[in-house]
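This is what each chain is made of:
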Amino acid sequence: MEIKTKRLILRPIVPEDFDALMEIMNGRRVREVWGHAFAPEDVTQWIEKRRKGCAENGMDYLLAVNRETGEPVGQAGLLKEEMDGKPVWGIGWILGEKHQGKGYATESANALIEYAFTVMGLPEICCDIRPENEKSQAVAARLGMEKCGQFVKIYRGMEMPHDIFRLKRENWK
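Residues numbered from 1 in each chain as written. Predicted model: local features only at pLDDT ≥ 70, side-chain atom pairs only at ≥ 80, totals over all residues. Heavy atoms only, no water.

Looking at this model, I keep getting lost on the pattern of salt bridges. Mind explaining?
It is possible for side chains bearing opposite charge to pair when their charged atoms get close. In total, this model carries 12 salt bridges according to the counting rule given. Note that D17 is salt-bridged to R11, the shortest N-O span being 2.8 Å. Its relative accessible area of 7% is what places D17 among the buried residues. When its relative accessible area of 22% is taken as the criterion, R11 is described as partly exposed. For R28, the salt bridge identified is with E32, shortest N-O distance 2.9 Å. You can see R28 and its partner E32 sitting in helix α2 (residues 28–34), four residues apart, about one turn around the helix. By relative accessible area, R28 is classed as partly exposed at 43%. The partly exposed category is assigned to E32, whose relative accessible area is 47%. Salt bridges sharing common partners tie together R28, E32 and E97. (Salt bridge = Lys/Arg side-chain N within 4 Å of Asp/Glu carboxyl O. Buried < 20%, exposed > 50% of the residue type's maximum accessible area, 1.4 Å probe, protein only. Helix = DSSP H or I, 4+ residues; strand = E, 2+ residues; numbered from the N terminus.)

In C-alpha cells:
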C-alpha cells in the first residue's frame, strides 16, 4: 500500500529503513518529546511494531519519502491505539530534524485523514500530543482537530501528560 501526496510517498516501513529511522527517532525534538534517545534495539523493535501493526490492522506508521529525492523525511500513520482507556484510531507524525517546519506533517496527515474517512470509513480520528509539543499542536489545529480531553500516558515508567485532539468525519473539510 502506498499513499501519495504532492511531495511525498507514504509506504510501509521495512527493516532496510533502519538507518533512516535511527536518524529520525534521534533528532533533538523527537528525543525531547519522547523523553529519551532511541538505541539500535529500540529502533529494531519500533520497525517490528510498525510491521505488526500494518499486518494486523492494515495500517500503522508509514515511512514518508520525498517523491523527488527519495529521501525519507519522517513517518506518519494511522494507529489502532488506546487514549484515556478508550480504543481509537489515532493519527501520528514524526519528522526528521532537518525536515521539520516544511509542511510535511500537515501534508502527510491530510492524506491519511482522507484515507481514514474515505477508504476506511472511520467516523473520527484522534491524536494525543504532549502539551509542550506546540508544533504538533499547531499541525492538529491546521487539520481542523479540536482538543477534547487530557490523560496521562505511562511510557517507560514515566508519567507523560497528553492532550487529546479529535476530528469527526462530518467536520472534515
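Further notes follow.
Whenever I open this one, the environment of L167 confuses me. Can you help?
Along the chain, the position of L167 falls in strand β8 (residues 158–168). Spatially, the C-alpha atom of L167 lies 12 Å from that of L112, the residues being 55 residues apart in sequence.

How should helix α3 (residues 40–57) be read in this particular structure?
Quick reminder: α-helices carry 3.6 residues per turn. Residues three or four places apart thus point the same way. In this model, α3 (18 residues) spans 26 Å end to end at C-alpha, consistent with the 26 Å of a helix rising 1.5 Å per residue. Residues of α3 that are buried include every one of D42, V43, W46, I47, R50, G53 and C54, and no others. The buried residues of α3 occupy an angular sector of 140° when projected down its axis, which confines them to one face. Relative to its buried face, α3 has exposed residues pointing more than 90 degrees away, namely Q45, K49, K52, A55 and E56. For α3, the elements touching its buried residues are α1 (18–25), α2, β3 (61–66), β4 (72–83) and β5 (86–95). With its phi angle positive at about 80°, G58 sits one or two positions after the end of α3. (Expected span 1.5 Å × (residues − 1). Arc of directions from axis to C-beta. Contact = heavy atoms within 4.5 Å.)

Got a minute to help me understand the environment of K168 in this structure?
Residue placement: K168 occurs in strand β8. Those residues in contact with K168 that sit more than four places away from it in its chain are F117, P123 and E124.

Sorry, what's going on with the pairing of β3 here?
Remark: a regular strand shows side chains that alternate across the two faces of the sheet. Taken across its six residues, β3 has six buried, putting it largely inside the fold. Relative to β3, strand β2 (residues 8–12) is paired through five bridges, and the arrangement is antiparallel. Looking at the pairing, P12 lines up with L62 of β3. Where β3 lies against β4, five bridges are found, and the strand directions are antiparallel. Paired with L63 across the strands is Q75, a residue of β4. Between β3 and β4, which pair antiparallel in sequence order, lie five residues; one of them, G70, sits at a positive phi of approximately 80°. (Pairing = 2+ DSSP bridges.)

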